[in-house]
Amino acid sequence: ARMTEQPLMYEAVGTVRAGISSTLSSKLLGTVEEIRVREGDRVKRGDSLVVIDQRQVHAELQRADAILSEAGKALAAATSGRNVAKAQEELALATYNRYLSLKKQDSVSDQEFEEVEARYHQAKAALQRAEAMLEAAAARVNQTEASLATARLSSKDAVITAPHDGVITGK
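The structure displayed is predicted, hence computed values, not measured ones.

Here we come to the overall build of the chain. Each helix and strand in the chain was counted, giving two helices and five strands. Each helix (α) and strand (β) of the chain, taken in turn from the N terminus, gives the series β-β-β-α-α-β-β. Here the C-alpha atoms of the chain give a radius of gyration of 36 Å, more than 25% beyond the 16 Å that 2.2 N^0.38 yields for 171 residues. Overall size of the chain, expressed as C-alpha extent along the three principal axes, is 130 × 45 × 20 Å. Taking all contacts inside the chain whose residues are at least 6 apart in sequence as the whole, residues at least 24 apart take part in 78%. Working note: accessible area of the chain is about 13300 Å², and carbon and sulfur atoms make up 51% of it.

Structure below.
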């Protein structure tokens, strides 16, 4: 073996490829509002690359907020309606039980007893209707909360971010 001087550069033919490459796209359809990078820029994971016009997303968020507010008020109204119907049903039941006792003693006419009995059945049906309306209002609130969560996710999708550290090679 002997020592020789070698050049510091060595020329070779080959292809350089990135270890990781990503093609990015937006989940939202919209106008590109801002491109924050150029080819050759180094980026870190989470850096904002492109911003999509968010006016539609913000409008959807406001719409979902308004619907949620309305649904909450409808739920409060349905709860109140159910409470009123429950109180009326309890009063009608108490009255019915009193008249039933009087009927057994032949102290009321058949007509009076039937009217009280009918009012009790009406109050019972009104309570069932109010409970169904309460359930529907609660379901509407849940549905609206899900729509609001979806709108919030869309808001995040309006900004395309770097999935990992790297160099922008094309756009």
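Before going further, it helps to examine the packing of aromatic side chains. One pass over the structure, following the stated rule, counts two aromatic pairs. Judged by centre distance (5.2 Å) and plane angle (15 degrees), the rings of Tyr96 and Tyr120 are stacked. In this pair, Tyr96 sits in helix α1 (residues 55-104) while Tyr120 sits in helix α2 (residues 110-157), placing the two residues 24 residues apart along the sequence. By relative accessible area, which is 16% here, Tyr96 ends up buried. In this structure Tyr120 comes out as buried when scored by relative accessible area, which is 11%.

This brings us to the pattern of salt bridges. Applying the stated rule across the entire model yields four salt bridges. For the salt bridge of Glu34 with Arg36, the shortest nitrogen-to-oxygen distance reads 3.2 Å. Given the relative accessible area of 43%, Arg36 is considered partly exposed. Between Arg55 and Asp53 there is a salt bridge, with its nearest N and O atoms 2.6 Å apart.

Turning our eyes to something else, we now look at the layout of surface pockets. Roughly 630 Å³ of internal volume is contained in the largest pocket. Lining the largest pocket are 22 residues, with Ser22, Val167, Ile168, Thr169 and Gly170 sitting closest to its centre. Of all elements in the fold, only β1 (32-35), β3 (48-52) and β5 (166-167) reach the threshold of two or more residues within the lining of the largest pocket. Here the lining of the largest pocket is composed, by residue class, of 14 nonpolar, six polar and two charged. Around the second largest pocket, the lining is made up of 13 residues, and of these Leu28, Leu29, Gln56, Val57 and Ser154 lie nearest the centre. Every element with two or more residues in the lining of the second largest pocket is listed here: α1 and α2. Here the lining of the second largest pocket takes four residues from α2, the largest share from any one element. By residue class, the composition of the lining of the second largest pocket is five nonpolar, six polar and two charged.

Rules behind the numbers
- Residues numbered from 1 in each chain as written.
- Predicted model: local features only at pLDDT ≥ 70, side-chain atom pairs only at ≥ 80, totals over all residues.
- Heavy atoms only, no water.
- Helix = DSSP H or I, 4+ residues; strand = E, 2+ residues; numbered from the N terminus.
- Rg over C-alpha atoms; globule rule 2.2 N^0.38 Å.
- Contact = heavy atoms within 4.5 Å.
- Areas by Shrake-Rupley, 256 points an atom, 1.4 Å probe, with all protein chains shown as cover.
- Phe/Tyr/Trp six-rings, centres within 6.5 Å; stacked < 30°, edge-to-face > 60°.
- Buried < 20%, exposed > 50% of the residue type's maximum accessible area, 1.4 Å probe, protein only.
- Salt bridge = Lys/Arg side-chain N within 4 Å of Asp/Glu carboxyl O.
- 1 Å grid on protein atoms, 1.4 Å probe; cavity = no way out; pocket = protein on both sides within 12 Å on 5 of 7 lines; lining within 4 Å.
- Points joined across faces, edges and corners; volume = space filled by probe spheres on them.
- Nonpolar A, V, L, I, M, F, W, Y, C, P; charged D, E, K, R; others polar.

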